[in-house]
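# Descriptive structure summary
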Amino acid sequence: MSAGLERAIHVLKEVIDTPIASYLNSCVHCGLCAEACLFHTETGNPRYAPIYKLEPLRRVYRQEYTLVGRISRALGLSKPITDDDLAQWQELVYDTCTMCGRCSLVCPMGIDLVYMIRRLREGMAIAGHAPQGVIEATKRTIATGSPMGVRLPALKVQIAHIQLETGLDVPLDKVGAEYMLVLSSMEIINFPEFMVSIAKIMLRAGKTWTLCSEAFEATNSGVQIGVSDIARLIVSRIVQGAEKLKVKTVISPECGHAFTALRWEGPNLIGRPYTFKVQHILEVLDEFCSQGLLKLKPPEKDRYTFHDPCQIVRMGGVLEPQRNLIKLLVADYVPMPNTGKYNWCCGGGGGVSANEDTKELRLIAFKRKKTQLEATKSKRLITACANCRVNLEEGIEYYRMDTTLFSLTELVADNLLN
Amino acid sequence: MNELQFLSWVRGPALQISATLFLIGIMWRLIEIYSLRYHPNFAEPRRVPGASGWHTLYRRFFPPEGMFEASPITYIGGYIFHIGLAIIIFLFDPHLGLIKEFIGISWNALPSPIIDFVTVVTLVAMVTVLANRLKCPVKRFLSGGQEYFSWVVTFLPVLTGYLAANHLLFSYTTTLALHILSAELLLISIPFSNLLHIFTVWPSRWFNGAVNGQRGVPV
């Protein structure tokens, strides 16, 4: 047994808990999870059935934690996991799973498949069976603080740029501010308009806010790759930053995985509750609007639809704020078929978009989103996740669709009444 | 061993052995599963009506949006044969006699012709879901010996019960003995096959509902 495999089995034994044991004993292989997975529905490949992706975890569970499994292993009746098995499963656990959680939503037995995929990635990553793109992004995060290698000087340049161009204040390291904003690197480099929007909104709402020079990156590639030690290190930077600046609330930006990593996994990674609140930007905007702090222009007449980012909605629990905001902004809103918590993934979550091996597959998976979009007959698509946005843009361009993308936060900022 | 001796054996020692193995097996498996470990959750919960383990326990009886259309046979066939099995096991007079013998309580049975009809419908539903499993690529791919074994051990008691009740194929004594024997095989199989889902499905639904409910998502 190689050292990597030994480590993988050790880690998998550690992560297997009672819910996982209950789930693995409940599956009757009805195949319904496959009907909820866009990689299966769009390719028809049965290997992409979510429950099949969990086979290494099931085998370790059976051989380590059941009497029958232990006996069969001792008698040589069951095959132990090999390095080759894990290598083969890399495609299934990383390339064809965006951790969108749709399979967990539909299983009639109540099996939380995405919870298990997240745990299985722990074993896969420790054995070195993770995609190169995600490994590199994780290494960059450890070294520089950002998966895209964005360092503080780059952020400062963007801030200076915004202040010069718009005259808006983008505070850095302001102790005692009410809100601390964290950003995805994509928002710093590709969509700096997001920071402009926040600056406008905070000014109008009369709230104090800040960025933190030691913790400006929101995304957590440790969660995506599945290494809890790294995930803990990344989330700890934000926790320390927020506690040092004594902020009341940390705002997670328009990035899905950043939100679930910070809001739901973070406290478990550091082993204690936070001393501050974590809100998604959509929750903050909804609060500001409902408190009358933001006044918006009359709703636009054009037809719009909305893509619910999986990590913010189905996995993150932000179900209503986006709808409340859309109602204020848009008169002709047409929801996609299977909207809200039932929405289909853009195809690029869970580290899939950072993984170059998946490009072709991502575009095939995008066909599901294309069908959803076409059903709305809308040419204007709003979303609230920078990663979804990049992936949607890629699909829209590839299929030559006449669709324009909008960020919900930017839309709010652009429609503020003077 | 003649057929009467065979019937006495399946009704007596074999029933006691299989019931004991079933009880010990179930207890063993449930302890093995539910005493493993629980990871604490420190994230501040978001309270939303309808989002809890208990809600999910109930909600997963029904197909989520879009799923019925995706796989109608799984749902229709699944409902029919599960409900059918429950009716046959718990509302057929001779079964109620056995239940009374074991736990001392009883209730009203359904008339035999109705049970007969339910049995035929259940058998047809079970054959349909099996055919669907063989035909549907993803189901066929996911199915191993375990799935077919579970189907056979569930199907046999229903089939032999129908034959016995209607005095078909063999003599009544033989078919009744075969029926009891197949039911005993089913009992022994439950703890050590995926038929254990009869017990684990409830906590599984609860865990899923609870963890997502904590995030404010009614799943």
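See the structure shown above.
Conventions adopted
Residues numbered from 1 in each chain as written. Chains lettered and ligands numbered in written order. Predicted model: local features only at pLDDT ≥ 70, side-chain atom pairs only at ≥ 80, totals over all residues. Heavy atoms only, no water. Pairing = 2+ DSSP bridges. Helix = DSSP H or I, 4+ residues; strand = E, 2+ residues; numbered from the N terminus. Right-handed = clockwise from strand over helix to strand, strands pointing away. Contact = heavy atoms within 4.5 Å. Buried area = accessible area lost by both parts, 1.4 Å probe. Salt bridge = Lys/Arg side-chain N within 4 Å of Asp/Glu carboxyl O. Polar contact = N/O pair within 3.5 Å; in protein donor to acceptor, adjacent residues only side chain to side chain. Nonpolar A, V, L, I, M, F, W, Y, C, P; charged D, E, K, R; others polar. Buried < 20%, exposed > 50% of the residue type's maximum accessible area, 1.4 Å probe, protein only.

## A few points about the pairing of strand β8 (residues 404-407) of chain A
Residues and elements named next belong to chain A. In this structure, strand β7 (residues 380-383) lies alongside β8, joined through four bridges in parallel fashion. Looking at the pairing, I382 lines up with F406 of β8. In this view, the connection linking β7 to its parallel neighbour β8 by way of helix α21 (residues 386-398) has right-handed handedness.

## A few points about the interface of chain A and chain B
With 63 residues of chain A at the contact, the number on the chain B side is 52 residues. Here chain A packs against chain B, burying approximately 4,800 Å² in sum over the two surfaces, 57% of which is carbon and sulfur. Ranking the residues of chain A by area buried against chain B places T18(A), H29(A) and W264(A) at the top, with a combined share of 13%. Counting every contact that joins chain A to chain B gives one salt bridge. For E283(A), the salt bridge goes to R46(B), with nearest N and O atoms at 2.6 Å. On the surface where chain A and chain B come into contact, there are 35 residue pairs in polar contact (both at pLDDT 80 or more). In the side of chain A that touches chain B, the residues fall into 35 nonpolar, 16 polar and twelve charged.

## A word on the pattern of salt bridges
Residues and elements named next belong to chain A. The full count for this structure, using the stated rule, is 23 salt bridges over all chains. Of the charged contacts, one joins D85 and R59 as a salt bridge, the two residues approaching to 3.2 Å between their closest N and O atoms. Pair noted here: D85 is in helix α8 (residues 83-95) and R59 is in helix α6 (residues 55-65), with a separation of 26 residues, a long-range link. Just as D85 is buried, R59 falls in that class too. For R389, the salt bridge is made with E193, and the minimal N-O distance between the two is 3.8 Å. With R389 in helix α21 and E193 in helix α14 (residues 193-205), this residue pair connects regions lying 196 residues apart in the sequence. Counted as one network, the salt bridges with shared partners bring together K13, E64 and R73.

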